[in-house]
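# An overview of the molecular structure
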Amino acid sequence: MPESISIEIQQFPLWEKLRAKRVPLSFDMEITARCNSNCRHCYICLPSGDRTAKRRELTITEIDDIAGQAVTLGAVWCLITGGEPLLRPDFGDIYLTLKRRGLLVSVFTNATLVSQAHIALFKKYPPRDIEVTVYGVTRDTYERVTRKPGTFEKFMRGLNMLMESGVHIRLKSMVIQSNLHEHAAIAEFCRAHTKDYFRFDPQLHLRFDGDAGRNANIKAERLTPEQIIAIEQSDEQRMNAFQKNCDMLINQDFTHFGCNHLFHCGAGNGSFNISYDGKFRLCSSLWAPETVYDLRQGTLADAWNHFVPRVREMRSNRQEFLETCRVCPLVNLCLWCPAHAYLETGELDGATPYFCAVAKARAKVLSNEEGSG
């Protein structure tokens, strides 16, 4: 841990009151880090045949135990994600295990491995929803992103099977340099095939494992601030959301303005994340060693009731941080947070110039929109 960061437990009446009412209503379960694609921008994927990763994956028994503990604490919704969750041959058993615990279950998938058995499972025991990422609407673009020949045909086949099944499907996309030219067509495709929901993300964060080569790929795929602004301005729904909600992205009850807390988001307040090898995290991006709890060595109740408050009490005394990111009025437009700062710099209070540049560009646009309104 950098010397500028320390953990201090102090009493804040409001925080104690909120903490006393904290209930983990939802959690993400990464059942594998392996994937059958090799996407240029991915922050987690490992090769589908990675034996070490496979050996470290949680068993069905472990998943059932964690789910039971989560339900006891109050959880009602679980997201199955990865990697590519359908890569696990026991996916159906995992899915039913979570359903039997009474959980509402969602699934994130690239749809390339969808089979008739999966369709039968989802029709008999419907998920809350299934989210599918659309990397391109042409073979060239899709496979430029996935770097795996044949994935576009498998994606279209799987997506059509899901849509024809009547299961609730939501579509989303990542906007990167390799598919930027097709973004408008991707958005049109998604909105035509999903009734109530479409989102796209134009910003990439770095790898959880810190792989230097993969991180170089991610940085090469990042859009410039100017490119991000251009696509956001061209999307009326996106701009309306910014104008309506840019001051509501951080819960004011957790801000503690004027203090030196690192965490001013909702991480660990109503949800948590479980990695494929049983690591508990306040959110999916938070990988700093001092913020990770091994459930194979402890309990979910201990992690939620004792470990989470300690992490959320972490502070920084670094002057550079306290005078910049900590007091920046553009934080709601920025991807900066302790989790992403750690991935970018190796420090929870590190500066992230790229995210900062995007936030300033967004602020300028919104300021101009308000001035002309």
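Starting afresh in each chain, residues are numbered from 1 along the sequence in its written order. Only residues with pLDDT of 70 or above have their local features reported here, since the model is predicted, and side-chain atom pairs are shown and tallied only from 80 upward, although totals for entire chains, interfaces and linings are computed over all residues. Just so you know, side-chain values use all the structure's heavy atoms and leave hydrogens and water out.

### Remarks on the nonpolar core
Grouped together as the largest cluster of nonpolar side chains are 100 residues, with contacts concentrated most on Met29, Phe91, Tyr95, Leu98, Val132, Leu162 and Phe280. Top element by residues in this core is helix α15 (residues 353-372). It accounts for 7 residues. Here, residues are in contact when the closest pair of their heavy atoms is within 4.5 Å. In this structure leucine 98 touches Ile63, Ala67, Cys78, Ile80, Leu103 and Val105, once residues within four positions along its chain are discounted. Take the buried Ala, Val, Leu, Ile, Met, Phe, Trp, Tyr and Cys residues and link them wherever side-chain atoms come within 4.5 Å; each set so joined is a nonpolar core. For each residue, the accessible area found with a 1.4 Å probe, counting protein chains only, is set against the maximum for its type, and the residue is called buried under 20%, exposed over 50%, and partly exposed in between. Strands are runs of DSSP state E lasting at least two residues, helices are runs of H or I lasting at least four, and both sets are numbered from the N terminus onward.

### Some words on the sheet that holds strand β8 (residues 169-174)
By the convention used here, strands pair only if DSSP detects at least 2 bridges between them. Reading across the sheet, the 9 strands line up as β9-β8-β7-β6-β5-β2-β10-β11-β12 and stay open at both edges, with mixed pairing between neighbours. Edge positions in the sheet fall to β9 (198-201) and β12 (293-294), since each of these pairs with one other strand and no more. Pairing of strand β6 (residues 104-109) with strand β7 (residues 129-133) involves 4 bridges; the strand directions are parallel. Each residue of the ladder has a partner; that of threonine 109, found in β7, is valine 132. Helix axes are fitted only over the stretch in contact, all axes being lines through C-alpha atoms; the angle between N-to-C directions runs from 0 to 180 degrees. Along the sheet face, helix α7 (residues 151-165) touches β7 and β8 and points at about 155 degrees away from the line of β7.

### A short note on the packing of helix α4 (residues 91-100) against helix α5 (residues 116-124)
With their axes 11 Å apart at the nearest point, α4 and α5 run at an angle of 10 degrees to one another. Taken together, α4 and α5 sit at an angle that is classed as roughly parallel. On the side of α4, the interface is formed by Phe91, Gly92, Tyr95 and Leu96, while α5 contributes His118, Leu121 and Phe122. Orientation is classified from the angle alone, with under 35 degrees giving roughly parallel, over 145 giving roughly antiparallel, 65 to 115 giving roughly perpendicular, and any other angle giving oblique.

### Thoughts on the side chain of threonine 32
Position of threonine 32 among the secondary structure elements: in the loop between β2 (26-30) and β3 (34-35). Here threonine 32 falls in the buried class, since its relative accessible area comes to 0%. N or O atoms closer than or at 3.5 Å make up a polar contact, with two conditions inside protein: a donor-capable atom paired with an acceptor-capable one, and, for residues adjacent in sequence, both atoms drawn from side chains. One polar contact links threonine 32 to glutamate 57, side chain to side chain, over a distance of 2.5 Å. Aside from chain neighbours lying at most four places away, what touches threonine 32 is Glu57, Thr81, Gly82, Gly83, Glu84, Pro85, Arg88 and Tyr276.

### Overview of the confidence of the model for the protein
Each residue carries a pLDDT value, the predictor's own confidence for that position, ranging from 0 to 100. Scored by pLDDT, the protein has a mean of 90; 88% of the residues are at 70 or more. Across residues 1-19, where pLDDT falls below 50, the model places 44 contacts with residues more than four positions away in sequence or in other chains.

### Considerations on the pairing of β9
Residues of β9 alternate between two faces, with Phe198 and Phe200 buried on one and Arg199 and Asp201 left unburied on the opposite face. Here β8 runs beside β9; their pairing, made up of 4 bridges, is parallel. Within β9, the residue paired with serine 173 across the bridge is phenylalanine 200. The handedness rule is simple: strands pointing away from the viewer, and a clockwise path from the first strand over the helix to the second, make the crossover right-handed. Following the backbone out of β8, through helix α8 (residues 183-193) and into the adjacent parallel β9, one traces a crossover that is right-handed.

### Brief notes about the environment of valine 327
Inspection of the secondary structure assignment puts valine 327 in the loop between α13 (319-322) and α14 (338-345). Remark: the alpha-carbon pair of valine 327 and asparagine 260, spanning 67 residues in sequence, is separated by 9.8 Å.

### A few points about unusual backbone geometry
If a residue is not glycine, its phi is most likely negative; likewise, a peptide bond is most likely trans. Backbone torsion omega between glycine 82 and glycine 83 reads 20 degrees, so that peptide bond is classified as cis. Examined against the element boundaries, glycine 83 turns out to sit in the loop between β5 (77-81) and α4. Despite not being glycine, alanine 111 shows a phi value in the positive range, around 75 degrees. Tracing the backbone shows alanine 111 in the loop between β6 and α5. Taking relative accessible area as the criterion, alanine 111 reaches 0% and is therefore assigned buried. With phi around 60 degrees, arginine 147 is a residue other than glycine that occupies positive phi space. Relative to the assigned elements, arginine 147 resides in the loop between α6 (139-146) and α7.

### Describing the pattern of salt bridges
Basic side-chain nitrogens of Lys or Arg form a salt bridge, by our definition, when they fall within 4 Å of a carboxyl oxygen of Asp or Glu. Inspection of the entire model under this criterion finds 20 salt bridges. We note a salt bridge from aspartate 64 to arginine 101, for which the minimum N-O separation is 2.9 Å. Residue aspartate 64 is located in helix α3 (residues 60-73), and its partner arginine 101 is located in the loop between α4 and β6; the two are separated by 37 residues in the primary sequence. Put simply, aspartate 129 and arginine 170 hold a salt bridge, and the shortest N to O gap is 3.9 Å. Highlighted residues: aspartate 129 in strand β7 and arginine 170 in strand β8, separated in sequence by 41 residues. Arginine 170 sits in the buried class, given a relative accessible area of 18%. Salt bridges linked by common partners bring Arg34, Glu57, Arg88 and Asp90 together as one network.

### Let's talk about α14
For α14, the complete set of buried residues consists of Pro338, Ala339, His340, Ala341 and Leu343. Positioned one or two residues after α14, glycine 346 has a phi angle of 85 degrees, which is positive.

### Focus on the environment of serine 285
Inspection of the secondary structure assignment puts serine 285 in the loop between β11 (279-281) and β12. Here the alpha-carbon distance between serine 285 and arginine 207, two residues 78 residues apart in the chain, equals 9.1 Å. Sequence-distant contacts of serine 285, defined by excluding residues within four places in its chain, comprise His205, Phe208, Ala339, His340 and Leu343.

### So, a nonpolar patch on the surface
Together, Val23, Leu25 and Val76 make up a nonpolar patch on the protein surface, roughly 220 Å² of accessible area in all. Tracing the chain through its elements places valine 23 in the loop between α1 (13-20) and β2. For patches, a residue must show more than 30% relative accessible area and have no salt bridge; joins then use 9 Å for like charges and 5 Å for nonpolar side chains, namely Val, Leu, Ile, Met, Phe, Trp and Tyr. Here, Shrake-Rupley sampling with a 1.4 Å probe gives the accessible areas, and only protein chains in the shown set may cover a residue.

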